[in-house]
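Structural description and commentary
Now for the letters of each chain:
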Amino acid sequence: MKLLVTGGAGYVGSVVSAQLLEAGHEVVVLDDLSTGHEDAVPEGARLVRGTLRDKASEVLAGAGFDAVLHFAAKSLVGESVQKPWLYWDGNLGESLSLLDAMRTAGVRRIVFSSTAATYGEPETTPIVETAPTRPTNPYGASKLAIDTALAEYARLFGIGAVSLRYFNVAGARLTGSGTSGAGDQGERHAVETHLIPNVLKVALGEKDAVSMFGEDYPTPDGTCLRDYIHVVDLGVAHLLALDACAPSTHQIFNLGSGSGYSVREVVEMCREVTGHPIPAEVSPRRPGDPAVLVASAEKIRTALGWKPERDLRVMVTDAWTFLQGR
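A brief report on the enclosed structure follows. What you see is a predicted model, and the numbers here were worked out from it, not measured in a lab. (Residues numbered from 1 in each chain as written. Predicted model: local features only at pLDDT ≥ 70, side-chain atom pairs only at ≥ 80, totals over all residues. Heavy atoms only, no water.)

1. Here's the deal with the overall build of the protein
Rules: To qualify as a helix, a DSSP run of H or I must reach at least 4 residues; to qualify as a strand, a run of E must reach at least 2; elements of each kind are numbered from the N terminus. Any residue under 20% of the maximum accessible area for its type is buried, any over 50% is exposed, and the rest in between are partly exposed; the area is computed with a 1.4 Å probe on protein chains only. Contact definition: two residues touch when any of their heavy atoms are within 4.5 Å. We get accessible surface area from the Shrake-Rupley algorithm with a probe of 1.4 Å; when it comes to residues, only the shown protein chains can shield them.
When you go through the protein residue by residue, the secondary structure sums to 10 helices and 14 strands. The buried share of the protein, reckoned over its 326 residues, is 52%. Restricting to contacts in the protein with at least 6 residues of sequence separation, those with at least 24 account for 78%. Just so you have it, the protein exposes about 13,900 Å², and 50% of that area is on carbon and sulfur atoms.

So this is what it looks like as structure tokens:
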């Protein structure tokens, strides 16, 4: 198939682009490189630089694309609270431009990178796809609005859409091409908000200590419990979802492990993998942090046969290898 990958120069988008190429697909990446990296686009994919609003129609028109995988988005929760207009325009506005370009060009399949932030603070865990969607920030709200738009385009224009709601993505895709890290794909965010790379930065000497926000939660060790998925497992789900796009249907699947790891467990695993003591400081709870955020992935396991294969040790080991090679 000929596929357009929006945001394919970013962390998850670049990994999935590589997996699509390995599966024999033709891949065109559309990315404005505002947060992505040109050298993350895998060899064999064609890069078009630009926004969805400016370039999607031009790229899709008459080019024979079979489907779109949509990763391009702004994704900093804190920034979305401070500057919500950037998220409504950059996430929902750009996505509507993409959907209209697809409609005009006759492209009828899309897999969308949604988020667990659409659920907000859950009433029960593990979270199932039928749980109430009550996002607590503009980032989650903008992603939920895109899910709604996908449902409408499926109903009105026959598009087959799948939204994949991620929890925490970790790890790296390693090519084994050498110790330099050339060709490897991992997290390289200008503003890093994810726990595992921030813990590993302490081992690299880039930070003095890691902060653990709260140790009095109703969890086994008192720290927050979160669901983590290896980025390669995540990519496998996208390939399965691509084949599952059905005309006039919008499907939603969670991607998670169903169990999760605490902040203390993550820090301890990073210590084991790196051999570094990694000092940890306990800070006050952050407002709005739920004690437990864990996904039920039973729906996608039953429907598409997907389940995560790589555990926390593999996620940390791969992330550590990637960071050392940068």
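2. Some thoughts on the pattern of salt bridges
Basically, it comes down to this: By definition here, a salt bridge exists when the distance from a side-chain nitrogen of Lys or Arg to a carboxyl oxygen of Asp or Glu is within 4 Å.
Applying the stated rule across the entire model yields 15 salt bridges. A salt bridge links Arg155 to Glu152, with the shortest nitrogen-to-oxygen separation between them at 2.7 Å. Taken together, the positions of Arg155 and Glu152, both in helix H5 (residues 138–157) and 3 residues apart, correspond to about one turn of that helix. Taking the relative accessible area as the measure of exposure, Glu152 reaches 33% and is therefore partly exposed. One salt-bridge network, held together by shared partners, links Arg53, Asp89 and Glu94.

3. Here's the deal with the packing of helix H2 (residues 52–60) against helix H4 (residues 84–105)
Formally: Each axis is a line fitted through C-alpha atoms, taken for helices only over the stretch in contact, and angles between the N-to-C directions span 0 to 180 degrees. Oblique is the label for every angle not falling under 35 degrees (roughly parallel), over 145 degrees (roughly antiparallel), or within 65 to 115 degrees (roughly perpendicular). Crossing handedness: left-handed means the near helix sits turned counterclockwise from the far one by under a right angle, and right-handed means the same turn made clockwise. Residue type decides the class: Asp, Glu, Lys and Arg count as charged, Ala, Val, Leu, Ile, Met, Phe, Trp, Tyr, Cys and Pro as nonpolar, and the leftover types, Gly among them, as polar.
Close contact between H2 and H4 brings their axes to 9 Å; oriented N to C, the two are set at 15°. The pairing of H2 with H4 is recorded here as roughly parallel in orientation. Crossing angle aside, the handedness with which H2 passes H4 is right-handed. Listed contacts from H4 to Leu52, Arg53, Ala56, Ser57 and Leu60 of H2 are Asp89, Gly93, Glu94, Ser95, Ser97, Leu98, Ala101, Met102 and Ala105. Among the residues forming the contact of H2 with H4, the class breakdown is 7 nonpolar, 4 polar and 3 charged.

4. Structural notes on helix H1 (residues 11–22)
Heads up, the condition is: Multiply 1.5 Å by the residue count of a helix minus one, and that product is the helix's expected span.
For H1, spanning 12 residues, the distance from its first C-alpha to its last is 17 Å, which sits close to the expected 16 Å at 1.5 Å a residue. For H1, the tally of buried residues reaches 10 of 12 residues, placing the bulk of the element in the interior. Turning to H1, its buried residues number three or more, namely Tyr11, Val12, Gly13, Ser14, Val15, Val16, Ser17, Ala18, Gln19 and Leu20. For H1, the secondary structure elements touched by its buried residues are strand S1 (2–6), strand S2 (26–31), strand S4 (67–70), strand S6 (160–166), strand S7 (168–170) and helix H7 (231–244).

5. Regarding the nonpolar core
Threshold: For our purposes a nonpolar core is just a set of buried Ala, Val, Leu, Ile, Met, Phe, Trp, Tyr and Cys residues, chained together by side-chain atoms within 4.5 Å.
Counting residues in hydrophobic clusters, the biggest one holds 34 residues, and the most contacted among them are Val12, Leu20, Leu69, Leu164, Tyr166, Leu255 and Ile300. Looking at this core, the elements that each hand over two or more residues are S1, H1, S2, S4, S6, H7 and strand S11 (250–255). For this core, the element with the most residues is H7, which contributes 6 residues. Contact partners of Leu69, with chain neighbours within four places excluded, come to Leu3, Leu4, Val5, Thr6, Val16, Leu20, Val111, His238 and Leu242. Counting 27 residues, the second-largest nonpolar core is a separate cluster that includes Met212, Val263, Val266 and Leu312.

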